[in-house]
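What follows is the residue order along each chain.
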Amino acid sequence: MRTHINQWLIHLMRWSHLALELLLIGILIALFIAPSAGAAMRLRERSLYMTNDEAGERSSYVLGFRYMSPVPIGSFELLFCNDPIPYNPCEVPLGLDVSDVSLTNQTGETGFVISQKSTNRLLFTRTSSLPGPDRSTYTFDNVLNPLDIEAAFAVRIKTFESNNGTGPQVDFGSVRGQVIKGIQIETQVPPMLIFCLAEQVEYNCTGTNDIYHSDMGKLSPNETLTAQSQMAVGTNATAGFVISVVGSPLSAGMEVIKSLDTPSPSKLGKNQFGINLVANNSPGIGLDPEGDWANATAAPNYGQSNMYMFKDGDIVASSPNVSLMKKFTVSYIVNVSPALRAGVYTTTINFIASGRF
Amino acid sequence: MNHLKSAALIMCAVVFAASLLFIPQQNAYAQGSAALSIVPKKTYTIEAGKTVNDTLLIRNQDKERTLNLSLRVIDFSYTDDSGAPKLMLDEGAPKTSWSLRDNIDIPETVSIEPGSSESIGMSVTIPENQGGCSLYSAIVYSSTSSEGGNVGLSASGVTLVFANIPGVCKEDLVLKRVGALNDSKNIDNGEYAYFHLDQPKRIAYTLQNNGNVAASPVGSITLRPWFGKEIVINNINPNGSLALIGQERTFVSCVKLKGETVGFNGTRAESTTCDTSGLWPGFYSVELAGYYGQNGNNTKDLVGSSWFIYMPWWAIAILVAALAFITYYVRKIVLHIRSNSSKAKLKKRK
């Protein structure tokens, strides 16, 4: 008896081993090969046209879409929310009111009336019938537009076979709307970008040392010439800022001291012009960015200690969103070869601060 | 003769002295302020044939020197897949197909007293026959550059100006990729990765804009772990960022957003950073459900999915230990069963 059981167990182990392998393969297929939960039947060619898109004003809305499922449709619901995702909670767009609208025109699938209205919900109903292939549009007047010009809002559409908006939905989809201008909400502050530049600047740009050039001294193949300047920048714009550098290498007539195209160390006896925005010890110049705010940083190519570069048009510092004031110290280095012709080598470097899109 | 010479010398001296009195002194050029505050971005919706009048607020942050600015309108494009503009500063740069250069009217120069601000008038006019759908350019404010020294410094500010023209537009955003970004010092950069040793904080999606509209998508991203509750990122574009015409733009969202109200130049501003996401080790599927569309145009879907595995070293160690434990005891059971079976067979033969 015991022998039989043991033999049975051995066979079972072989089969269970095989079953385990099959299970693992099945899981892999389900995870990596099988398509993810895709779109259910979404209404196609969805659009929303607002005849007046000014915030807080009355407008007519023309809503259009094409029915997809070959199922009789007796009603459809419009739900106005901040978020277009159907299964997310619906937050009513601030200031919006559709409780007093009237349906003034319909094309395609017609015969609908607005049977239910609330601040952010409309229910259109008719005798249930199979929709055709053409696109449908519905115009309703006297919509009170939302107030928030900073964010889009959505109209969630659901169709039903029933003629009272109950039961399972047939098709769904959302359209997007956006209002402009309108009432300035008191808590909002206009975005601003503050920027200053000089040899030395105050942290909050209230003053500078009134020196807007650097005299680097007499060029020599045996000595690295250095200089530094400072710039401070900050913004309350949610998209942040970038600072670009524009200019040409040091030159005297046709003679040019070549800029460094990639981050490179300082080398005596070679024609080099480069900058960076961090503290260095070769040579000893510069400071790391000052300020508590972590959002604003030097660009990677200009943020390496003892590595210098200068490329016209490069971004040297940026912040991806709101940034308190940050002070950057720009270090300049110049090395020259013994063969460089004598002359007065100059350049003008323009630092440009702009918003992001 | 000597009297004549003396008289001539005296007359020369008088003339010279008079010239010093009456010829105006040429002052050495005085550098103005290079500290300014400007509006970084303006967005308008303007119908063809219409004009919008607005003002630009410029503040001189310097409390001692006058801010002298020259203004001009230039075109811009994109630098990379971020929101950094590529400014076309050359005087002779050709106009882009989305240029607003000929449509923006602003003064050429402005002077602002120390510590003061000025609202300068500007207008944007869209021609009657202007087709769609997005036009944009930039206003550059340049302070006077300094003379002297080897390296002269100059500061400039830029306002990006966008005009959306209602009408039938070609809107076409193609989803190139969606997934989790690996950790990066610069929160705007990072690379997509399927396997993460560090807890991912950012989910991103990359869109290629093949239309003629600077598009701004909205929607949500859902993270579904094998075990546990799903996480929904409700706003995948909280800053209203744009994909410019022709740009492949990466939009970055935080799994968990940390908001902070900060004081900025006497005002309050809301700053957001990515907080620790709180994800447990394991496999996650990522689903993007987004939308985009201009007023009056079709709303189009952006749907995509991906996955990533988050497995820190400590979880790997636990997994290896667990597998080793299971393997050891399974092997022990198998050996025991085989040993009993062999004994049974031997007994049978006897």
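Since this is a predicted model, take the numbers as computed values, not measurements.

Looking only at helices and strands, one finds 2 helices and 20 strands in chain B. Taking all 350 residues of chain B together, 46% fall into the buried category. A fraction of 67% describes how many contacts in chain B between residues 6 or more apart in sequence connect residues 24 or more apart. Here chain B has roughly 18300 Å² of accessible surface; of this, 55% comes from carbon and sulfur atoms.

Moving on, we get to the confidence of the model for chain B. Residues and elements named next belong to chain B. Mean pLDDT for chain B: 85, with 87% of residues reaching 70 or above. No element of chain B has a lower mean pLDDT than helix 1 (residues 2-22), at 54, and none a higher one than strand 6 (residues 104-105), at 96. For the stretch residues 16-30, pLDDT sits under 50, and the model shows 2 contacts to residues farther than four places along the chain or on other chains. Our summary of model confidence lists the complex with pTM equal to 0.81 and ipTM equal to 0.82.

This structure, assessed with the given rule, holds 18 salt bridges over all chains. Where Asp-102 of chain B meets Lys-95 of chain B, a salt bridge forms, and the shortest distance between an N and an O atom there is 2.4 Å. A single network of salt bridges, built from pairs that share partners, joins Arg-42, Arg-44 and Arg-46 of chain A together with Asp-301 of chain B.

Residue and element names in this part refer to chain B. In total, this model carries 4 disulfides over all chains according to the counting rule given. Paired by a disulfide, Cys-254 and Cys-274 hold their sulfur atoms 1.9 Å apart. Here the S-S torsion is close to -75 degrees, and the disulfide linking Cys-254 with Cys-274 is therefore left-handed. With Cys-254 in strand 16 (residues 248-254) and Cys-274 in strand 18 (residues 267-274), the pair connects residues that are 20 residues apart, well separated along the chain. Overall, Cys-254 belongs to the buried group, its relative accessible area being 16%. By relative accessible area, Cys-274 is classed as buried at 18%. Sequence-ordered numbering of the bonded cysteines in chain B gives a pairing of 1-2, 3-4. The connectivity of the disulfide-linked cysteines in chain A, indexed sequentially, is 1-2, 3-4.

What counts and how
- Residues numbered from 1 in each chain as written.
- Chains lettered and ligands numbered in written order.
- Predicted model: local features only at pLDDT ≥ 70, side-chain atom pairs only at ≥ 80, totals over all residues.
- Heavy atoms only, no water.
- Helix = DSSP H or I, 4+ residues; strand = E, 2+ residues; numbered from the N terminus.
- Buried < 20%, exposed > 50% of the residue type's maximum accessible area, 1.4 Å probe, protein only.
- Contact = heavy atoms within 4.5 Å.
- Areas by Shrake-Rupley, 256 points an atom, 1.4 Å probe, with all protein chains shown as cover.
- pLDDT = per-residue confidence, 0-100.
- Salt bridge = Lys/Arg side-chain N within 4 Å of Asp/Glu carboxyl O.
- Disulfide = S-S within 2.5 Å.

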